[in-house]
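Below are the chains, spelled out letter by letter.
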Amino acid sequence: MAPARATRSASGALRAQLLLTLAILTFTCDACKKVILHVPSKLDAEKFVGRVNLKECFQSANLIHSSDPDFQILEDGSVYTTNAVLSSEERSFSILLSNTENQEEKKILVLLQHQTKKRHSKEKVLRRAKRRWAPIPCSMQENSLGPFPLFLQQIQSDTAQNYTIFYSIRGPGVDREPKNLFYVERDTGNLFCTRPVDREEYESFELIAFATTPDGYTPELPLPLVIRIEDENDNYPIFTEKTYVFTISENCRVGSTVGQVCATDKDEPDTMHTRLKYSIIEQLPAYPTLFSMHPTTGVITTSSSQLDRELIDKYQLKIKVQDMDGQYFGLQTTSICIINIDDVNDNLPTFTRTSYVASVEENTVDVEILRVTVEDKDLMNTANWRANYTILKGNENENFKIVTDPKTNEGILCVVKPLNYEERQQVDLQIVVVNEAPYSKEASLRSTMSTATVTVNVKNQDEGPECSPRVQTIEIKENVPVGTENKGYKAYDPETRSSSGIRYRRLSDPKDWVRINENTGIVTISKNLDREAEMIRGGIYNITILASDKDGRTCTGTLGIILEDVNDNGPSIPKHTVVICKTVLSPSADIVAIDPDEPINGPPFDFRLENIPDSDIERTWRLTKINDTAARLFYEKDLPFGTYRISVRVADRHGRSLITPLNVLLCDCVTENDCTLRTDARTGGGDVRLGKWAILAILLGIALLFCILFTLVCGGTGAAKQPKVFPDDLAQQNLIVSNTEAPGDDKICSTDGFTTHTVGSSAQGVCGTMGSGVKNGGQESIEMVKGGHQTLESCRGTGHHHTLDSCRGGHVEVDTCRYTYSEWHNFTQPRLGEKVQLCNQDDKHKHAQDYVLTYNYEGKGSVAGSIGCCSERQEEDGLEFLDHLEPKFRTLAEACIKR
């Protein structure tokens, strides 16, 4: 009992001292608005009492203190009990707020009231004061213990002083779910709650309060009334996952992020109830401590760089999250976090032995001779573990290769190129091994690589003959006589380096030019050699030799016979036909010669005309040299067109010559192709092809012809087409067809020659020996013919239009011969000119309505029939005569081409 009394005595002294301090602060501190908190009659330890708005009183306070040690004040204004408290009717304490920088202090008086049903009578005293009908702040504690019904607030209207007022409420918690949670006393306006409320289900209630008189009059507007549910820390924080799994690479730096955990809390946000704090409770294995956790964000980081997968490949952490900012009375939850250590290439492979010995027979390939093994602590079957082997030294001839066995990670040493015991009996190799993945540490890789030496002993083997070198050559002049011997192919016994006992035979000799001695390999010429033969490339003739020993073992090689050139061929002219176009400005033809011999026996060439008895070749033709291999041929006399035969002797620099007969075509052409075309046409052989110059010449001729025709004629219509013949005194002229069109007039021939009638005229013409008139669909033709006497006679009727009709008398032979353009032009020009004057005129020298021409009688013995001014050539009459124009026209075409 004595210790208890002492404790109470000390507690009483402390309380008295606090009250004295509070009394002193009352005079030195500014007081803020009083706060009333409704509490039950008994408060347990660490129980939430209520919340005070500290910022409203003192914004810059950095020190919070309670005047009553039974109560604790948090930063957000939450009031908690530190010990169990039995409250009386009223209990008060002060919250002291101070700023240590400017020494400013303020205090808030907190009044704790205990509510009972007897309190209703006391509220009547409050009604005597004037209060406005306005929204009243109202709140209640979540999960309140009562007693119920729990008084919350009183609503009152100022009109109650003059009227009898009845109060009522509506809204959620009254007449809507959750129903019957709140009610108001009709006469007093006291608002009560009937049962506890969970804030996580209902954060607040918006009610509507009404004030009415007994007769139903409403002196006040409906009053919105919000009841806020004060949060209680009744929800534990929960991790988003039961087990977290993260991966981090070994040997990572301090502070490397492993992962982040997260937890949620259903309590009111932005309060101490949801202010979470994370921490690591336990690590397995416990030593050394390798991880840390940020208390606010939940990020896990490494606190050491000693993570080594080869020692420990997985860690397990037990983590905790606690609300109330981690204070001891906050609610907490735990979870598990597994951290896997990822492998990096921090261990190099090492050979299990530093030296190896292997053996292999000579001349063997693609055989495995050795397997080497390595050790690697990194994770198996990964790039950090798999080995790559390399031969550093001793494999300069590339006889070996080393590969990795993907299953065992061993190095397999193989022979890929045969070894020769006679050349080398032992080979020393140095091999090195590294991983597929690059080494992670910063040390020099060359200094840390593991190496081993391999000694390969080459075993001797009884071998067959060796054809070495494979290709051997000899030199022989191409004009050596048959039977000449020369050294041939030689094979050796690799053991004795001797050729004795080796036999030879030919496998390939395309021209069958040589024989080979079976015992010695000596070559004998069996046929005349020719360096210029078709199968010889680069002057080398190749034969294949098979060498064999007494045991039948063989080898093959190639003997190349280098044929030395001699001057055994004279120069020749490959083109035996040349063309000289006589109509060009400088008629000539180029002659080119070739010599199959080497250049030392070839050009420069000498060209000469070979004189033939009883011929005048030298005075008719002339050769001039162009360069070392070509000459130009000219003709000296004015020779007619045709083919001439000459012979040309061409000699090389050593005087060896060859005569080549040439056919010289002296042609009426512009280009060589024109002459070739015409020659083919005359002989009837070959396909007819026009060169570009020939086509251009033809087009120029056609253009010139039509220019003259369109200058002389004008548009009009003609009558029926009938062929007309020219007088026989103009034989050998070109056949020209000219058409005129008319609207189909009726025409009759007269015995005088050509007579015209108008349509509907009563005059009748009778054809004599010339034959009858021919109607030809409104088209008429005039032809140049032989035989028959024809004249043009005009039959004119007043006011009528006349047309031209043609007759043909007796048997007429049509001349099919074609002549030059100038002859045809001389014939047609004067006759067409005198007809142009009457074009498109009637009897009164006016334009006719249908533009039909009138032709007058020209008298006896006319050299040709008339032609209409607008006549056209018949489509069936070709322009073949353009192919036979005189040289003057071709000279014109050549000049145009050169321009």
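The rules behind the values
Residues numbered from 1 in each chain as written. Predicted model: local features only at pLDDT ≥ 70, side-chain atom pairs only at ≥ 80, totals over all residues. Heavy atoms only, no water. Helix = DSSP H or I, 4+ residues; strand = E, 2+ residues; numbered from the N terminus. Buried < 20%, exposed > 50% of the residue type's maximum accessible area, 1.4 Å probe, protein only. Pairing = 2+ DSSP bridges. Axes fitted to C-alpha atoms, helices over the stretch in contact; angles between N-to-C directions. Salt bridge = Lys/Arg side-chain N within 4 Å of Asp/Glu carboxyl O. Contact = heavy atoms within 4.5 Å. Disulfide = S-S within 2.5 Å. Phe/Tyr/Trp six-rings, centres within 6.5 Å; stacked < 30°, edge-to-face > 60°. Lys NZ or Arg CZ within 6 Å of the ring centre and 35° of its normal. Polar contact = N/O pair within 3.5 Å; in protein donor to acceptor, adjacent residues only side chain to side chain. pLDDT = per-residue confidence, 0-100. Lys, Arg positive; Asp, Glu negative; His and termini not counted. Core = buried A, V, L, I, M, F, W, Y, C linked by side-chain atoms within 4.5 Å.

**Let's talk about the overall build of the protein**
Regarding its fold elements, the protein presents nine helices and 53 strands. Within the span of the protein, comprising 899 residues, buried residues form 42% of the whole.

**Quick word on the sheet that holds strand E34 (residues 426-435)**
Spatial ordering of the open sheet is given by E28-E35-E34-E31, a layout of four strands whose pairing is mixed. The open sheet terminates on both sides in strands that have one partner only, identified here as strand E28 (355-361) and strand E31 (387-393). Going across the sheet, the axis of each strand differs from the next one's by a mean of 30°, ignoring polarity. Examined bridge by bridge, E31 and E34 share six bridges and lie antiparallel to one another. Its bridge partner lying in E34, Asn388 is registered against Val434.

**Here we look at the pattern of salt bridges**
Tallied over the entire structure, the rule returns 25 salt bridges. As a salt-bridge pair, Glu410 and Arg371 come within 2.8 Å of each other at their nearest N and O atoms. Of the two residues, Glu410 sits in the loop between strand E32 (400-404) and strand E33 (411-415) while Arg371 sits in strand E29 (residues 367-372), which places them 39 residues apart along the sequence. Salt bridges here are not isolated pairs; linked through shared partners, they connect Arg199, Glu200, Glu203 and Asp231.

**Regarding the environment of Glu206**
You can see Glu206 is positioned in strand E16 (residues 204-212). For the pair Glu206 and Ile227, spaced 21 residues apart in the sequence, the C-alpha separation amounts to 6.5 Å. Setting aside chain neighbours within four positions, we find Glu206 in contact with Gly171, Pro172, Leu225 and Val226.

**Some thoughts on the state of the cysteines**
Using the criterion set out here, one finds three disulfides in the structure. With its sulfur 1.7 Å from that of its partner, Cys32 forms a disulfide with Cys57. Between Cys32 and Cys57 the sulfur-sulfur dihedral comes to about 70°; the bridge is accordingly right-handed. Placement of Cys32 in the loop between strand E1 (30-31) and strand E2 (35-39) and of Cys57 in helix H2 (residues 54-57) is noted, with a sequence separation of 25 residues between them.

**Examining the pairing of strand E24 (residues 299-302)**
Looking at chain direction, strand E20 (residues 257-260) and E24 are connected through three bridges and run antiparallel. Residue pairing in the sheet places Gly259 in a bridge with Ile300 of E24. Here strand E23 (residues 291-293) pairs with E24 via three bridges, running antiparallel. Bridge pairing in E24 places Ser292 opposite Thr301.

**Focus: the packing of aromatic side chains**
Applying the stated rule across the entire model yields 17 aromatic pairs. With 5.6 Å between their ring centres and 70° between their planes, Phe291 and Tyr315 make a pair best called edge-to-face. Remark: Tyr315 occurs in strand E25 (residues 314-322) and Phe291 occurs in strand E23; sequence separation between them is 24 residues. Here the two residues Phe291 and Tyr315 agree in accessibility, since each one is buried. One aromatic cluster in this structure is built from Phe239, Tyr244, Phe246 and Tyr278. Just above the ring of Phe166 sits the side chain of Arg186; from NZ or CZ to the centre is 3.9 Å. The ring of Phe634 has Arg622 sitting right over it, with the charged end atom 4.5 Å from the ring centre.

**So, the side chain of Ser66**
Take Ser66: it is sitting in strand E5 (residues 63-66). Classification of Ser66 by relative accessible area gives buried; the value is 10%. One polar contact links the side chain of Ser66 to the main-chain carbonyl oxygen of Asp68, over a distance of 3.0 Å. A polar atom in the side chain of Ser66 sits 3.4 Å from the backbone oxygen of Phe71. Those residues in contact with Ser66, other than ones at most four positions away along the chain, are Phe71, Ile73, Phe93 and Ser94.

**Some words on the sheet that holds strand E11 (residues 138-141)**
Strands sit in the order E11-E17-E16-E13 across an open sheet of four strands; the sheet is mixed. At either margin of the open sheet sits one strand with a lone partner, and together these are E11 and strand E13 (166-170). Pairs of neighbouring strands in the sheet enclose a mean axial angle of 30°, with direction left out of account. By the bridge criterion, five bridges tie E13 to E16 in an arrangement that is antiparallel. Along E16, the bridge assignment pairs Arg170 with Ile208.

**As for the confidence of the model for the protein**
Summary statistics for the protein give a mean pLDDT of 75 and a share of 71% for residues scoring 70 or more. Within the model, pLDDT remains below 50 along residues 117-130, and this stretch shows 19 contacts once partners closer than five positions in the same chain are excluded.

**Observations concerning the side chain of Glu142**
Topologically, Glu142 is positioned in the loop between E11 and strand E12 (150-154). Despite its burial, Glu142 remains without a salt bridge, the nearest opposite charge being carried by Arg199 at 4.5 Å. A polar contact is formed between the side chain of Glu142 and the backbone nitrogen of Arg199, at a distance of 3.1 Å. Those residues within four positions of Glu142 in sequence are excluded, and the remaining contacts are Val197, Asp198, Arg199, Glu200, Ile229, Glu230, Asp231, Glu232 and Asp234.

**What to know about the nonpolar core**
Core analysis: the biggest nonpolar cluster contains 25 residues, and Leu152, Ile169, Phe182 and Ile227 have the highest contact counts within it. Where this core is concerned, the elements lending two or more residues are E11, E12, E13, strand E14 (182-184), strand E15 (190-193), E16 and strand E17 (223-230). Excluding its chain neighbours within four sequence positions, the residues that come into contact with Phe182 are Met140, Leu152, Ile169, Pro172, Gly173, Val174, Leu191, Phe192, Cys193, Phe205, Leu207 and Ile227.

**Describing the environment of Asp215**
Along the chain, the position of Asp215 falls in the loop between E16 and E17. A relative accessible area of 66% means that Asp215 is categorised as exposed. In this structure the side chain of Asp215 is engaged in a polar contact, spanning 2.2 Å, whose partner is the side chain of Thr213.

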